[in-house]
Amino acid sequence: MPIVESNKVTDSNAATTPTPSAAVLVLEDGRMFRGRSYGAQGTALGEAVFATGMTGYQETITDPSYARQLVVQTAPHIGNTGVNNEDAESRKIWVAGYIVRDAARRPSNWRSERSLDAELVEQGIVGIQGVDTRAITRHLREHKTMRAGIFSGEAAQASDKELLETVLASAPMEGAALAEEVSIDEAYVVEPKDHGWDGEPRFSIAAVDLGIKAMTPVRFAERGVRVHVLPATATLEDVNAVSPDGFFMSNGPGDPATADHQVTLLRSVLDEKLPYFGICFGNQILGRALGFGTYKLRYGHRGINQPVMDRRTGKVEITSQNHGFAVDAPMNGATVAPEERYGRVEVSHVSLNDDVVEGLACLDIPAFSVQYHPEAAAGPHDAAYLFDRFIDLMADTKAATAAKNTDTKTEDQK
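Computed from a predicted structure; not experimentally measured.

Asks: How do you make sense of the packing of helix α8 (residues 260-271) against helix α9 (residues 281-289) when you look at a structure like this?
Replies: Two packed helices can be described by the angle between their axes and the distance between those axes. One way to put it is that α8 packs onto α9 with a least axis distance of 9 Å and a crossing angle of 70°. What the angle tells us is that α8 and α9 run roughly perpendicular. For the pair α8 and α9, contact is made by Asp 260, Gln 262, Val 263, Leu 266, Arg 267 and Leu 270 and by Ile 285, Leu 286, Arg 288 and Ala 289, respectively. Class assignment of the residues belonging to the contact of α8 with α9 gives a composition of six nonpolar, one polar and three charged.

Asks: Sorry if this is basic, but what is going on with the pairing of strand β12 (residues 203-208) here?
Replies: With six of its six residues buried, β12 lies for the most part within the structure. Going residue by residue along β12, you find Phe 203, Ile 205 and Ala 207 tucked away on one face and Ser 204, Ala 206 and Val 208 tucked away on the opposite face as well. Pairing analysis gives six bridges linking β12 to strand β13 (residues 225-230), with the strands arranged parallel. When the bridges of β13 are listed, Ile 205 appears paired with Val 227. In this region the chain leaves β12, passes through helix α6 (residues 215-222) and returns to the parallel neighbour β13; the handedness of that crossover is right-handed. The pairing of β12 with strand β14 (residues 246-249) spans four bridges and is classified as parallel.

Asks: Is there a simple way to think about helix α3 (residues 133-143) in this case?
Replies: An α-helical segment advances 3.6 residues per turn. Residues three or four places apart therefore align on the same side. Listed as buried for α3 are Thr 133, Ala 135, Ile 136, Thr 137, His 139 and Leu 140. By the N-cap criterion, in which a side-chain oxygen at the helix start approaches the backbone nitrogen of a residue two or three places on, α3 is capped by Asp 132, the distance to Arg 134 being 3.2 Å. Looking one or two places after α3, you find Lys 144, whose phi comes out positive at around 85°.

Asks: Help me out: how do you make sense of the state of the cysteines in this one?
Replies: One way to say it: the disulfide is the covalent bond shared by the sulfur atoms of two cysteines. If you walk through the whole model with that rule in mind, you get zero disulfides. In this structure Cys 280 is a free cysteine whose sulfur lies 18 Å from that of Cys 362, the closest cysteine sulfur available. Its relative accessible area of 2% is what places Cys 280 among the buried residues. Note on Cys 362: relative accessible area 9%, which makes it buried.

Asks: Honestly, the packing of aromatic side chains in this entry has me stumped. Any pointers?
Replies: How two aromatic rings sit relative to each other is given by the distance of their centres and the angle of their planes. In total, this model carries 11 aromatic pairs according to the counting rule given. When the ring of Phe 220 is compared with that of Phe 390, the centres are 6.1 Å apart and the planes differ by 70°; the resulting orientation is edge-to-face. With Phe 220 in helix α6 and Phe 390 in helix α10 (residues 385-413), this residue pair connects regions lying 170 residues apart in the sequence. Like Phe 390, Phe 220 is buried. When the centroid spacing of 5.9 Å and the interplanar angle of 35° are considered together, the rings of Phe 247 and Tyr 276 count as tilted. Taken together, the residues Phe 247 in strand β14 and Tyr 276 in strand β15 (residues 276-279) connect sequence positions 29 residues apart.

Asks: Where do I start with the nonpolar core in this structure?
Replies: In summary, soluble globular proteins display a tendency toward joint burial of nonpolar side chains. Counting 36 residues, the largest nonpolar core has Phe 247, Met 249, Leu 266 and Leu 270 as the members making the most contacts within it. Only β12, α7 (236-241), β14, α8, α9, β19 (344-351) and β20 (357-362) provide two or more residues apiece to this core. If you tally residues by element for this core, the top one is α8, at five residues. When sequence neighbours within four positions are dropped, the list of residues in contact with Leu 266 reads Phe 247, Met 249, Tyr 276, Ile 285, Leu 286 and Ala 289. Formed by 26 residues, the second largest nonpolar core is a distinct cluster that contains Phe 203, Phe 220, Val 229 and Phe 368.

Asks: Teacher, can you tell me more about the pattern of salt bridges here?
Replies: A side chain of one charge can pair with a side chain of the opposite charge if their charged atoms are brought near each other. Within this structure, the stated rule accounts for 24 salt bridges. With a closest N to O distance of 3.1 Å, Glu 86 and Arg 111 form a salt bridge. With Glu 86 in the loop between β6 (77-78) and β7 (97-99) and Arg 111 in the loop between β8 (102-103) and α2 (116-122), the pair connects residues that are 25 residues apart, well separated along the chain. Residue class for Arg 111 comes out partly exposed when judged on its relative accessible area of 27%. In this structure, the salt-bridge partner of Arg 226 is Glu 191, at a minimum N-O distance of 2.9 Å.

Asks: Mind showing me how you'd approach the environment of Ile 391 here?
Replies: Mapping Ile 391 onto the fold places it in helix α10. Separated by 188 residues in the primary sequence, Ile 391 and Phe 203 have C-alpha atoms spaced 7.9 Å apart.

Asks: Would you mind going over the side chain of Ser 65 with me for this structure?
Replies: Position of Ser 65 relative to the elements: it lies in the loop between α1 (57-61) and β5 (69-73). Relative accessible area serves as the criterion here: at 5%, Ser 65 is assigned to the buried category. Looking at Ser 65, its side chain comes within polar contact range of the main-chain nitrogen of Gly 252, at 3.3 Å. Contacts of Ser 65, omitting those with residues within four sequence positions, involve Asn 251, Gly 252, Pro 253, Asn 322 and His 373.

Cut-offs and rules
- Residues numbered from 1 in each chain as written.
- Predicted model: local features only at pLDDT ≥ 70, side-chain atom pairs only at ≥ 80, totals over all residues.
- Heavy atoms only, no water.
- Axes fitted to C-alpha atoms, helices over the stretch in contact; angles between N-to-C directions.
- Helix = DSSP H or I, 4+ residues; strand = E, 2+ residues; numbered from the N terminus.
- Parallel < 35°, antiparallel > 145°, perpendicular 65-115°, else oblique.
- Contact = heavy atoms within 4.5 Å.
- Nonpolar A, V, L, I, M, F, W, Y, C, P; charged D, E, K, R; others polar.
- Buried < 20%, exposed > 50% of the residue type's maximum accessible area, 1.4 Å probe, protein only.
- Pairing = 2+ DSSP bridges.
- Right-handed = clockwise from strand over helix to strand, strands pointing away.
- Polar contact = N/O pair within 3.5 Å; in protein donor to acceptor, adjacent residues only side chain to side chain.
- Disulfide = S-S within 2.5 Å.
- Phe/Tyr/Trp six-rings, centres within 6.5 Å; stacked < 30°, edge-to-face > 60°.
- Core = buried A, V, L, I, M, F, W, Y, C linked by side-chain atoms within 4.5 Å.
- Salt bridge = Lys/Arg side-chain N within 4 Å of Asp/Glu carboxyl O.

Dropping the structure here:
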């Protein structure tokens, strides 16, 4: 297998700044990109993917959906605004490695509390800078996402053959069960009163953390919804214990084909007619629960500028996305789900880039999902209405149940 080395990107300030150690990015097809270390030094292995966001790098690296992935930032300048304690989307950095072109020499922003470089070092995240991220992105688009490794410091001294062998010995993303690895160990509650809501909660939901971003329960709480966040291992008994008005499954990493426990749980919830809303991984789990398959995309959708059409309204939304797998469902109108007890389902949203399924809507049970991130941290808020749509679904379901109980009581009295 040939080893092809890319052209280096020259840093005009290299003579006036400390010089990090040599580093190299090695892709599983033998392509190599040489640069300098960024963050911690050592070895990082994972799936090489690219993210197209022009901003929001702190939210990107702390998104649990990036677990076991080496993230290439297509925006050339990274680290300009530093890092703070407020914008992280979870308890730590989840990317396995970080790949940038021009790393900021020093941050400059009134909210900055430390540099991104220092944060990467603190959390042991191995990165590489000074590489041609445009060339890397074009390569991944043409040849698909693939296993890769970042090597710096002493690790970079190994031969090219040894480095490639290390990459080829690493685990692929297909078949990876990662939701339990990134999920919480103990349940917690997000209260509306802590996020600007005045008055009693309107509804209460059970939300399964498969890699949930911090802003997601906040978006619910802002609308008066109390959120009981449960671990990925939660059972139906755990869900019913919090007496929810609705059920939610979050985004998360890994192959949805491995999520048998979560699929079984969701089917139990759907059987009880509890309203359901899922995003990203939660969309794929709904697809599987309905009986559809999932498949791996060639290079995935990652970034805050992904165009999606809501087929019900014809409205185009610019969305925040992070997924490498998708649901394989019929695109032409309503169809009966393979699991026939759930009735009809339709593809509600579609990607305008490649026609990938971006949402599912059940027509006979109260359930829907989208493949993207409507909480949009960072990113546009075009899809924020989906939180309101779920609240409306819970309200309609509750009203229908109350009306049915009233009719039943009236019939019994007769």
